[in-house]
Amino acid sequence: MTAFKKMLVPPDFPDYSDYALRYANAFAKMSGGTIECVHVVDTTFLGDGGGVYVSSADIARSVEAVKAQAEKELSHFVRKERLLGTEVTPHLREGHAAEQIVKLAEEIKADLLIIQTHGRSGLDHLVFGSTCDKVLRSATVPVLAVKQDEHEALSKDGTLAIKNVLCPLDFSTFSHGALPLAKEICEKFGATMHLSHIVDTRFDYPEWTAQVAMNNSEHLLSAAKESLEKTAKEMGGIKTQTDATVGVPHKTLIDATANNQIDLVVLPTHGRKGIVHALLGSVAERVVRGAHCPVLVVRPKS
């Protein structure tokens, strides 16, 4: 966890509370790190500018007014945090929010991107997506997604208090890519590692087909339990619990965060795009939206 020394937080004015920043503060205090924040003024709606009813000059004035207000909000935000003893470096960008956030994270060589998500679902999410989802698909650094009114991984004094870490596995080389970080977190906090595998017995397109169980689900479950136990033994002195079950992956994992008092989920993401993502979605993104605790998403090195 000492690797998380430079945190990037994108506040979303005017709705931003200081929830994501509280986690950034906790990581910074623990590692002696720094915090940077970025607000992006979305100018992508402008297109070529101008039109029948609105002139290019009118649009330009509106954009400048929005930028001025955003800069004012950002300055107030940074000043408030400095008064509380936190040094925050501000950045104001223009363009597409997710693209600019990911780009800045790469430019400043951030170790961790902490973003607050509203946990949207349903048609609104399907049609419009969210900045958080887009960042999850594109970011090359770990992303910690947090929501208001969830089970916090923070103690009353603002320090990190992680006792239970959930790490889902599908036994592919890819899914094991998140294990080293999950192990490091457990070692740092003396936390219990919950290794989980869900035997998904649905067809490939569960949204449109019946959930029909395969005849060999018992065999798969037995093999999963054996593999989890083998992985647990490789965790050294870390306290571990294993759980192999049959179910819908994202739903089962979301339930597990509540039922097992999980403080943090650590899982990988493929960062899929295009039609495959539109049809199937991503387990990582669905867990982020529904989990009852913060979710740390890692893109394993290829």
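Scroll up a little and you will see the structure.
The structure contained in this document is the topic of the report that follows. These figures come from a predicted structure and were not determined experimentally.

**Some details on the side chain of S31**
Then, in step 1: Mapped onto the elements, S31 comes out in helix α1 (residues 19–31).
Then, in step 2: For S31, a relative accessible area of 13% gives the class buried.
Then, in step 3: Within the structure, the side chain of S31 is placed 2.9 Å from the backbone oxygen of F27, a separation counted as a polar contact.

**A look at the pattern of salt bridges**
Then, in step 1: Inspection of every chain in the model, using the stated rule, returns 7 salt bridges.
Then, in step 2: R22 is the salt-bridge partner of E152, the closest N and O atoms lying 3.0 Å from each other. With E152 in the loop between β5 (143–146) and β6 (164–168) and R22 in helix α1, the pair connects residues that are 130 residues apart, well separated along the chain.
Then, in step 3: The class of E152 is partly exposed, set by a relative accessible area of 26%.

**Let's talk about the packing of helix α3 (residues 97–107) against helix α5 (residues 131–138)**
Then, in step 1: It is the contact of α3 with α5, at a shortest axis distance of 9 Å, that shows an interaxial angle of 40°. Taken together, the axis directions place α3 and α5 in an arrangement best described as oblique. Crossing hand, α3 versus α5: right-handed. Between α3 and α5, the residues in contact are A97, A98, I101 and V102 and T131, K134, V135 and S138, respectively.
Then, in step 2: Tallied by class, the residues present in the contact of α3 with α5 amount to 5 nonpolar, 2 polar and 1 charged.

**Some points on the packing of aromatic side chains**
Then, in step 1: Applying the stated criterion across every chain, the model contains 1 aromatic pair.
Then, in step 2: For the pair F4 and F27, a centre-to-centre distance of 5.6 Å together with 80° between the ring planes defines the contact as edge-to-face. Of this pair, F4 sits in the segment before β1 (6–9) while F27 is found in helix α1, placing the two residues 23 residues apart along the sequence. F27 matches F4 in its accessibility class, with the two residues each being buried.

**So, the pairing of β6**
Then, in step 1: Among the 5 residues that make up β6, 5 are buried, leaving the element largely enclosed by the rest of the structure.
Then, in step 2: Both faces of β6 are covered, namely the face carrying N164, L166 and P168 and the face carrying V165 and C167.
Then, in step 3: Pairing geometry for β6 and strand β7 (residues 192–199), over 5 bridges, is parallel. Each residue of the ladder has a partner; that of N164, found in β7, is T192.
Then, in step 4: Handedness of the β-α-β unit built from β6, helix α6 (residues 179–189) and β7 comes out right-handed.
Then, in step 5: Two elements, β6 and strand β9 (residues 264–268), share 2 bridges in a ladder whose sense is parallel. Note on β9: the bridge partner recorded for V165 is L264.

The rules behind these values
Residues numbered from 1 in each chain as written. Predicted model: local features only at pLDDT ≥ 70, side-chain atom pairs only at ≥ 80, totals over all residues. Heavy atoms only, no water. Helix = DSSP H or I, 4+ residues; strand = E, 2+ residues; numbered from the N terminus. Buried < 20%, exposed > 50% of the residue type's maximum accessible area, 1.4 Å probe, protein only. Polar contact = N/O pair within 3.5 Å; in protein donor to acceptor, adjacent residues only side chain to side chain. Salt bridge = Lys/Arg side-chain N within 4 Å of Asp/Glu carboxyl O. Axes fitted to C-alpha atoms, helices over the stretch in contact; angles between N-to-C directions. Parallel < 35°, antiparallel > 145°, perpendicular 65-115°, else oblique. Left-handed = near helix turned anticlockwise from the far one by under 90°. Contact = heavy atoms within 4.5 Å. Nonpolar A, V, L, I, M, F, W, Y, C, P; charged D, E, K, R; others polar. Phe/Tyr/Trp six-rings, centres within 6.5 Å; stacked < 30°, edge-to-face > 60°. Pairing = 2+ DSSP bridges. Right-handed = clockwise from strand over helix to strand, strands pointing away.

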